[in-house]
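Next come the chains, spelled out residue by residue.
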Amino acid sequence: MRNRSPNQTHYIACNLCEAICGLEIVLEKGQIKSIRGDQNDPISKGHICPKAVALQDIHNDPDRLRQPIKKTAGGWQQISWTQAFDEVTTELKNIQQRNGKNSVAIYLGNPTVHNVDAMLFGPVFYRTLGTSSRYSATSVDQLPELLVSLSMFGHNLLVPLPDLDRTDFHIIFGANPVVSNGSLMTAPGVTKRLQAIRGRGGKLVVVDPRRTETAAIADQHLFIKPGSDVLMLLAMLQVVFAEKLQTLGAVASFSRGLEDIEALVRDYPPEKVAAVTGVDAQALKNLVRAFCHAPSASCYGRFGVSTQRYGTLSQWLITVFNIVTGNLDRAGGTLFSKPALDIVTPIRAGKKGFADAFSRVRKLPNFNGEFPVATLAEEITTAGEGQIRALVTGAGNPVLSTPNGKQLDAALGQLDYMVSIDIYLNETTRHANIILPPLSTLERSHYDLAFQVLAIRNGAKFSRPVFRAGKDQRSDAQIFLELGWRMQAGNGFKRAAGWLKKEILLRLGSEWILNKKLKQGPYYPSHGLDIKKLKQNPHGIDLGPLQPCLPERLFSADKMINLAPTAFVEDLQQAGKFLLEDGSAPTLKPFDLLLIGRRDPRTNNSWFHNSYRMVKGKKRCLAFVHPQDAQARGITEGDEVAVRSRVGMIKLPVSVTTEMMPGVISIPHGWGHAMDGVNLRIAQEHAGVNTNILTDEQLLDSLSGNAALNGVPVSLHKAAGVEQT
Ligand SMILES: Nc1nc2c(c(=O)[nH]1)N[C@H]1C(S)=C(S)[C@@H](COP(=O)(O)OP(=O)(O)OC[C@H]3O[C@@H](n4cnc5c(=O)[nH]c(N)nc54)[C@H](O)[C@@H]3O)O[C@H]1N2
Ligand SMILES: Nc1nc2c(c(=O)[nH]1)N[C@H]1C(S)=C(S)[C@@H](COP(=O)(O)OP(=O)(O)OC[C@H]3O[C@@H](n4cnc5c(=O)[nH]c(N)nc54)[C@H](O)[C@@H]3O)O[C@H]1N2
Ligand code: SF4
Ligand SMILES: [Mo]
């Protein structure tokens, strides 16, 4: 129950990151007085991080756009929504008429999945735009996990989730949840949950090239050379089979391919891979034995694993490791969720979901209808049939978030037309002809369609808007539906039908759709769970721990788990030879260090630096290197250094620390705001540099085309005397 007047206190889910913590927001005279963790949220139980408090800065930010702006010879000008919609759709139509549908591309960024209106109504616009030139932040992030789930379980969203609250042994590869608050595992207050594993006598092990904040609360940390996880995982599986520890447990009767896995891993004993991975063979064996002998165990790998050259193979082997140790679909192992509103629905008939088409220039496979964003720049700059001439971005900042950012920045400058649906004039949207700004988080209602599916505990929550939007503002629903019907091709009748559909959907709104789908969901019969019920429970509803649900939940045509998908096996056979012969990513002179990334509690990818409380204090855009690597180059703490890769060079200050593995350098992403034409006044004063000037658009996960943002070969020098290129 609300303990204050509803006009004063609001309970909502924070939708900045995947933890979806409950917030308590107290207003006084229409202004935010406080933002705290909602103690009565049954799942987040009061957890909050520093970013949630900055939601008020985004809301109040004078630089945030509230009305459309148009680039003119005399600078940016505010225009009416009607003019903006007219001009945007006329231009896009003309370009498509002249050059074909695919000449207009679309890129969707991360906040899209944190936005229920964009999830529900965006597709109306994408459909009438009718382009196959689609890209998103998925291919600089979790594409490998999705591909593994599709190939093994039959659906990209059937991601096995670690049962953190009940597991007895947890291994983390390439994730830093203490800082990131978790990804592909919605687990608010994750630090406490991880500490609780140890509290109940369990073990926590972290495998990471940096001794991270998560490693600091673990029983054991193992350094691993970036990009070599695939070898470590092969060796872990080799030990399982060599020591006859394999068991399929509950999934035995509907799994196939166990013998294939056994044959594949035979050639990778721990001793053979140790020189490449840097992981001691005995330590690896002990780890596997302890994992197998624990009452329950879960192995989890995330961003650092996915964004490397063998991202898909590594994610596959992590899933296989969980399965062959008997830990899939059991309490304390890994499980699937049972969401109140299920977005795991059958894939469109006639589509495989992967490699249904290949990109024009580099022939990279598409996934779920999207091409890898690493190929976007060349699709814009390479002339010929199908060349991209115009771009729509929605909630994305690819200039700062995708590999070879400088190349993409230049390519965006060559477009005939660009429109951005975004709340800021930033590094990417400065290239737009028109920017259409939707509402801010606090001005819209919300239901977490995606993250309830990825939650380690089933739950449901509906958030009402904290603030009423101004009358000149437009919601995502209004923007996408308006663009959608205006792009509707065909004659008068078809367009009239499109207009009618828009009007109906606008009237019904997302609430009506959510309510309808909740009523079709599994908790309507048992809990009466609909929108009304959620509104009566503003703190959210706990629907209990994850439960075994296989084989019913499988989407594969034969209702089997495929342990050894052919494409993965073939890719491994090719990669394996190379990995053992040459080491992980080749560290050829002059590129003798491997670059990895780093997150920080007060960043949110690229777009949270215009809040003073998020940037004040010590500089955080620093390169971290091991003392040995610094000394060899005459570098000391605080020096300005030059880091160079095949594609670019950046200069930034260095911090020398033994938390790094020797041979590895770490630089955070999301910085680099000192670009002409950006209007983020605070961010520009704390600009930092863009590490994606170094990441290489040619360095990809071999199977999926996901960007290998980690393990990039670079060189390091003192900056003095190094020419800017
Ligand atoms: N080197 C390196 N690169 C990385 C990463 C890394 O770790 N290292 N991380 C990668 C990952 S995991 C991700 S997810 C991507 C993110 O990549 P992107 O999604 O491309 O970038 P973001 O920084 O999330 O930018 C979000 C954009 O949305 C806008 N925005 C914010 N809220 C809203 C809203 O409600 N509506 C609309 N329409 N716009 C909004 C912001 O102004 C900003 O322009 O970056 C990736 N890039
Ligand atoms: N504060 C904050 N929180 C965030 C975000 C943010 O920008 N700031 N972004 C959000 C988003 S969009 C996402 S996707 C999640 C990501 O959340 P996480 O998956 O937790 O990702 P990171 O925190 O980047 O941690 C990746 C780890 O991988 C390690 N690593 C790098 N290369 C390798 C390798 O080759 N092998 C192994 N084993 N490890 C490697 C890095 O050292 C790092 O510690 O975070 C979300 N939460
Ligand atoms: S952890 Fe994520 S969801 Fe929770 S308060 Fe912080 S940003 Fe919001
Ligand atoms: Mo992400």
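Residues numbered from 1 in each chain as written. Chains lettered and ligands numbered in written order. Predicted model: local features only at pLDDT ≥ 70, side-chain atom pairs only at ≥ 80, totals over all residues. Heavy atoms only, no water.

**So, the overall build of the chain**
Note the threshold: Secondary structure elements follow DSSP: runs of H or I no shorter than four residues count as helices, runs of E no shorter than two count as strands, and numbering proceeds from the N terminus. Computation of the radius of gyration draws on C-alpha atoms, with the globule rule given as 2.2 Å multiplied by the number of residues to the power 0.38. Residue contacts are defined here by distance: any two heavy atoms, one from each residue, within 4.5 Å place the two residues in contact. A 1.4 Å probe and the Shrake-Rupley method give the accessible areas. Residues count as covered only by the protein chains that appear here.
The number of helices and strands found in the chain is 24 helices and 30 strands. Relative to the globule expectation of 27 Å for 725 residues, the C-alpha radius of gyration of the chain, 25 Å, shows essentially globular dimensions. A sequence separation of at least 24 residues applies to 74% of the contacts in the chain between residues at least 6 apart. Element-wise, carbon and sulfur atoms account for 51% of the exposed surface of the chain, whose accessible area totals about 27,200 Å².

**A look at the site of ligand 3**
We apply this condition: Nearness is judged by heavy atoms alone; a residue qualifies as near a molecule or strand once a single heavy atom is within 4 Å of it. Under the scheme applied, nonpolar residues are Ala, Val, Leu, Ile, Met, Phe, Trp, Tyr, Cys and Pro; charged residues are Asp, Glu, Lys and Arg; polar residues are all the others, including Gly.
Every residue near ligand 3 is listed here: Cys-14, Leu-16, Cys-17, Ala-19, Ile-20, Cys-21, Cys-49, Lys-51, Ala-52 and Asn-181. Across the shell around ligand 3, the residue classes tally to 8 nonpolar, 1 polar and 1 charged.

**With respect to the sheet that holds strand E10 (residues 203–207)**
This is how it is decided: We treat two strands as partners when DSSP finds at least two bridges between them. Simply put, an axis is a line fit to the C-alpha atoms, just over the touching stretch for a helix, and the angle between two N-to-C directions goes from 0 to 180 degrees.
Reading across from one edge, E11-E10-E9-E13 is the order of the 4 strands in this open sheet, with parallel pairing throughout. Every interior strand has two partners, whereas the edge strands, strand E11 (220–222) and strand E13 (298–301), have only one. Adjacent strand axes in the sheet meet at a mean angle of 15° when their direction is disregarded. Across the sheet, helix H8 (residues 229–242) touches strand E9 (169–173), E10 and E11, and the angle it forms with E9 is around 150°.

**Let's talk about the pattern of salt bridges**
We count it as follows: Definition used for salt bridges: Asp or Glu carboxyl oxygen within 4 Å of a side-chain nitrogen of Lys or Arg. In this scheme, a residue with accessible area under 20% of its type's maximum is buried, one over 50% is exposed, and one in between is partly exposed, where area comes from a 1.4 Å probe on protein chains only.
Scanning all chains against the criterion turns up 35 salt bridges. A salt bridge links Arg-36 to Glu-24; its shortest N-O distance comes to 3.1 Å. With Arg-36 in strand E3 (residues 31–37) and Glu-24 in strand E2 (residues 22–28), this residue pair connects regions lying 12 residues apart in the sequence. Exposure remark for Arg-36: the relative accessible area of 44% places this residue in the partly exposed category. Residues Arg-486 and Asp-86 are paired through a salt bridge, measuring 2.4 Å at the closest nitrogen-oxygen approach. Taken as a pair, Arg-486 in helix H17 (residues 476–486) and Asp-86 in helix H3 (residues 81–99) lie far apart in primary sequence, 400 residues in all. Note on Arg-486: relative accessible area 14%, which makes it buried. According to the relative accessible area criterion, Asp-86 is partly exposed, its value standing at 36%. Salt bridges here are not isolated pairs; linked through shared partners, they connect Asp-86, Glu-482, Arg-486, Lys-502, Glu-503 and Arg-507.

**Some remarks on a positive patch on the surface**
Under the convention used in this document: Patch criteria: residues need more than 30% relative accessible area and no salt bridge. Like-charged residues are merged within 9 Å; nonpolar side chains of Val, Leu, Ile, Met, Phe, Trp and Tyr are merged within 5 Å. In this tally, Asp and Glu contribute negative charge and Lys and Arg positive charge; neither His nor the terminal groups of the chain are included. Every charge is mapped onto a representative atom, which is NZ of Lys, CZ of Arg, CG of Asp or CD of Glu.
A cluster of basic residues, Arg-127, Arg-348, Lys-351 and Lys-501, forms a positive patch at the surface. Structurally, the position occupied by Lys-501 is in helix H18 (residues 492–519). Given a relative accessible area of 42%, Lys-501 falls into the partly exposed group.

**Things to note about the packing of H8 against helix H9 (residues 258–265)**
Rules: Angle categories are assigned with fixed cut-offs, so that under 35 degrees is roughly parallel, over 145 is roughly antiparallel, 65 to 115 is roughly perpendicular, and the rest are oblique. Left-handed describes a crossing whose near helix is turned anticlockwise from the far helix by less than a right angle; the clockwise case is right-handed.
Two elements in contact, H8 and H9, have axes whose closest approach is 9 Å; the angle formed by their N-to-C orientations is 115°. Here H9 runs roughly perpendicular to H8, going by the angle between their axes. As H8 packs across H9, the resulting crossing turns out to be left-handed. Between H8, through Leu-234, Leu-237, Gln-238 and Phe-241, and H9, the contact on the second element is made entirely by Leu-258, Ile-261, Glu-262 and Val-265. Per-class residue counts for the contact of H8 with H9 are 6 nonpolar, 1 polar and 1 charged.

**Digging into the packing of aromatic side chains**
Stated precisely, the cut-off is as follows: Each Phe, Tyr or Trp ring, with Trp reduced to its six-membered ring, pairs with another whose centre is within 6.5 Å; inter-plane angles below 30 degrees give stacked pairs, above 60 give edge-to-face pairs, and intermediate values give tilted ones. By definition, being over a ring means that NZ of Lys or CZ of Arg is both within 6 Å of the ring centre and within 35 degrees of the ring normal.
Applying the stated criterion to the full structure yields 11 aromatic pairs. Consider the rings of Trp-607 and Phe-608, whose centres lie 5.1 Å apart with planes at 90°: the pair is edge-to-face. For Trp-607, a relative accessible area of 22% corresponds to the partly exposed category. For the cation-ring pair, Arg-598 lies above Phe-624, with the distance from its terminal atom to the ring centre recorded as 3.5 Å. Here the basic side chain of Arg-599 rests over the ring of Phe-303, its NZ or CZ set 4.7 Å away from the ring centre.

**Brief notes about the packing of H8 against helix H10 (residues 270–277)**
Helix packing geometry: the angle between the two helix axes and the distance between the axes. Packing of H8 against H10 brings their axes to within 9 Å, and their N-to-C directions diverge by 160°. When the interaxial angle is binned, H8 and H10 end up roughly antiparallel. Every pair of crossing elements has a handedness; the one defined by H8 and H10 is left-handed. In this structure, H8 uses Leu-231, Met-232, Ala-235, Gln-238 and Val-239 to contact H10, whose residues at the interface are Pro-270, Val-273, Val-276 and Thr-277. Of the residues that constitute the contact of H8 with H10, the class distribution is 7 nonpolar, 2 polar and no charged.

**Concerning unusual backbone geometry**
Note the cis peptide between Leu-550 and Pro-551, where omega equals 5°. Topologically, Pro-551 is positioned in the loop between strand E23 (541–545) and strand E24 (561–562). Here the phi dihedral of Asn-181 falls at roughly 65°; this positive angle occurs in a residue that is not glycine. Relative to the elements of secondary structure, Asn-181 occurs in the loop between helix H6 (177–180) and helix H7 (190–199). With a relative accessible area of 8%, Asn-181 lands in the buried category. The backbone of Lys-363 shows a phi angle near 60°, a positive value even though the residue is not glycine.

**What about the nonpolar core?**
For clarity, the cut-off: Residues belong to one nonpolar core when they are buried, are Ala, Val, Leu, Ile, Met, Phe, Trp, Tyr or Cys, and are joined through side-chain atoms within 4.5 Å. Residue ranges for the domains trace back to a domain assignment, done automatically or taken from a database.
Counting residues in each nonpolar core, the largest one holds 99 residues, and the members touching the most others are Ile-171, Phe-173, Met-232, Met-236 and Trp-316. Ranked by residues supplied to this core, first place goes to H8 with 11 residues. Here this core spans two domains, since at least three of its residues come from each of domain 1 (69–140 + 354–524) and domain 2 (143–339 + 554–567). Residues Leu-92, Phe-121, Ala-477 and Ile-479 belong to the second largest nonpolar core, which totals 47 residues.

**Describing the sheet that holds strand E5 (residues 75–78)**
Strand pairing in a sheet relies on backbone hydrogen bonds, with the paired strands running either antiparallel or parallel. The strand order E5-E4-E19-E18-E17-E6-E7 describes an open sheet built from 7 strands, whose pairing is mixed. The sheet is open, and its two borders are formed by E5 and strand E7 (134–136), each paired with just one other strand. Taken over all neighbouring pairs, the strand axes of this sheet differ in orientation by 20° on average, direction set aside. Of the pairings in the sheet, the one linking strand E18 (residues 417–421) to strand E19 (residues 434–436) comprises 3 bridges and is parallel in character. What sits directly across from Ile-421, in E19, is Leu-436.

**Re the domain arrangement of the chain**
For clarity, the cut-off: Here the quantity called buried area is the accessible surface, traced with a 1.4 Å probe, that two parts lose on coming together, added over both. For this analysis, a polar contact is any N or O atom pair within 3.5 Å, provided that within protein one partner can donate a hydrogen and the other can accept it, and provided that sequence-adjacent residues contribute only side-chain to side-chain pairs.
Taken as a whole, the chain is organised into domain 1 (69–140 + 354–524), domain 2 (143–339 + 554–567) and domain 3 (586–718). Once you take the C-alpha centre of each, domain 2 and domain 3 turn out to be 28 Å apart. Every contact between the two is made by 25 residues of domain 2 and, on the other side, 26 residues of domain 3. Between domain 2 and domain 3, the buried area comes to about 2,100 Å², and carbon and sulfur atoms account for 65% of it. It is Arg-210, Pro-226 and Arg-309 in domain 2 that bury the most area against domain 3; as a group they hold 29% of the surface buried on that side. Counting across the interface, domain 2 meets domain 3 through 1 salt bridge. The partner of Arg-210 in a salt bridge is Glu-659, and the shortest N-O contact between them spans 2.8 Å. Taken together, the connections running from domain 2 to domain 3 amount to 10 residue pairs in polar contact (both at pLDDT 80 or more). For the side of domain 2 that touches domain 3, the secondary-structure elements that each account for two or more residues are helix H5 (143–153), H6, helix H12 (303–306) and helix H13 (311–324).

**Considerations on H9**
Operational definition: This arc describes the spread of directions from the helix axis toward the C-beta atoms.
Of the residues making up H9, those classed as buried are Ile-261, Leu-264 and Val-265. Within H9, the buried residues cover an arc of 85° as seen down the axis, which keeps them to one side.

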